[in-house]
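# Structural features, examined
Now for the letters of each chain:
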Amino acid sequence: MLTLLELAKQSYVAYCIAVENQTFENKPTPAWSALRSGIQAAWLSAAACVKQAGAEVSDDRVMGERAYTAYGDAVAWVNYAGAPLLKWEGMDELRQTAWSEFARYARSHEVIL
């Protein structure tokens, strides 16, 4: 079993692998330890969203969108550089799939509460 923080870190890694370790700007995705605390907290919010949904939502794509929404809410819909965060519908297929993978990974691991 994992703590919620460990789950967020590992789910972030699953996301990074799914986006081929590339950011929107085609830069390498940063390691968890390099993320600012507010960004880490947003990933934690996304993981918590997935765990709180439990079995209520079985579709990874729907849960990925919910996780992304939780992330967006946590960062006030502004990215790390201060620009507006894309809405789900504006993201490319790779990013949507990556968020679905984040949700799939998070749902498949138990958390110590």
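Everything here concerns the structure above.
A brief look at the structure comes next. (Residues numbered from 1 in each chain as written. Predicted model: local features only at pLDDT ≥ 70, side-chain atom pairs only at ≥ 80, totals over all residues. Heavy atoms only, no water.)

Take the packing of helix 1 (residues 4-18) against helix 2 (residues 37-53) next. Axis separation between helix 1 and helix 2 bottoms out at 9 Å; the angle between their running directions is 100°. In terms of axis orientation, helix 1 runs roughly perpendicular to helix 2. Contact residues: helix 1 offers L4, L5, L7, A8, Y12 and Y15, while helix 2 offers W43, L44, A47, A48 and K51. The class makeup of the residues in the contact of helix 1 with helix 2 is ten nonpolar, no polar and one charged. (Axes fitted to C-alpha atoms, helices over the stretch in contact; angles between N-to-C directions. Helix = DSSP H or I, 4+ residues; strand = E, 2+ residues; numbered from the N terminus. Parallel < 35°, antiparallel > 145°, perpendicular 65-115°, else oblique. Contact = heavy atoms within 4.5 Å. Nonpolar A, V, L, I, M, F, W, Y, C, P; charged D, E, K, R; others polar.)

Take T23: it is sitting in the loop between helix 1 and helix 2. Dropping the residues within four chain positions of it, T23 is found in contact with P28, T29, P30 and R95.

The next subject is the nonpolar core. Core analysis: the largest hydrophobic core is formed by 36 residues, its most contacted members being Y15, W43, Y71, W99 and F102. Element by element, the count of residues in this core is highest for helix 2, at eight residues. Residue contacts for W99: discarding those within four places in its chain leaves Y15, W43, A46, G64, A67, Y68, Y71, W88 and M91. (Core = buried A, V, L, I, M, F, W, Y, C linked by side-chain atoms within 4.5 Å. Buried < 20%, exposed > 50% of the residue type's maximum accessible area, 1.4 Å probe, protein only.)

It is worth spelling out unusual backbone geometry at this point. Apart from glycine, the bulk of residues carry a negative phi angle, and the bulk of peptide bonds sit in the trans form. Unusually for a residue other than glycine, E20 sits at a positive phi of about 55°. When its relative accessible area of 59% is taken as the criterion, E20 is described as exposed. Positioned with a positive phi, W77 is a non-glycine residue whose angle comes to about 60°.

Before going further, it helps to spend a moment on the pattern of salt bridges. Counting across every chain of the model gives four salt bridges. Across the salt bridge formed by R107 and D60, the nearest N and O atoms sit 2.7 Å from each other. With R107 in helix 4 (residues 93-107) and D60 in helix 3 (residues 60-74), this residue pair connects regions lying 47 residues apart in the sequence. Where R104 meets E101, a salt bridge forms, and the shortest distance between an N and an O atom there is 2.7 Å. With R104 and E101 both in helix 4 and three residues apart, this pair spans about one turn of that helix. On the basis of relative accessibility, which here comes to 35%, the residue R104 falls in the partly exposed class. (Salt bridge = Lys/Arg side-chain N within 4 Å of Asp/Glu carboxyl O.)

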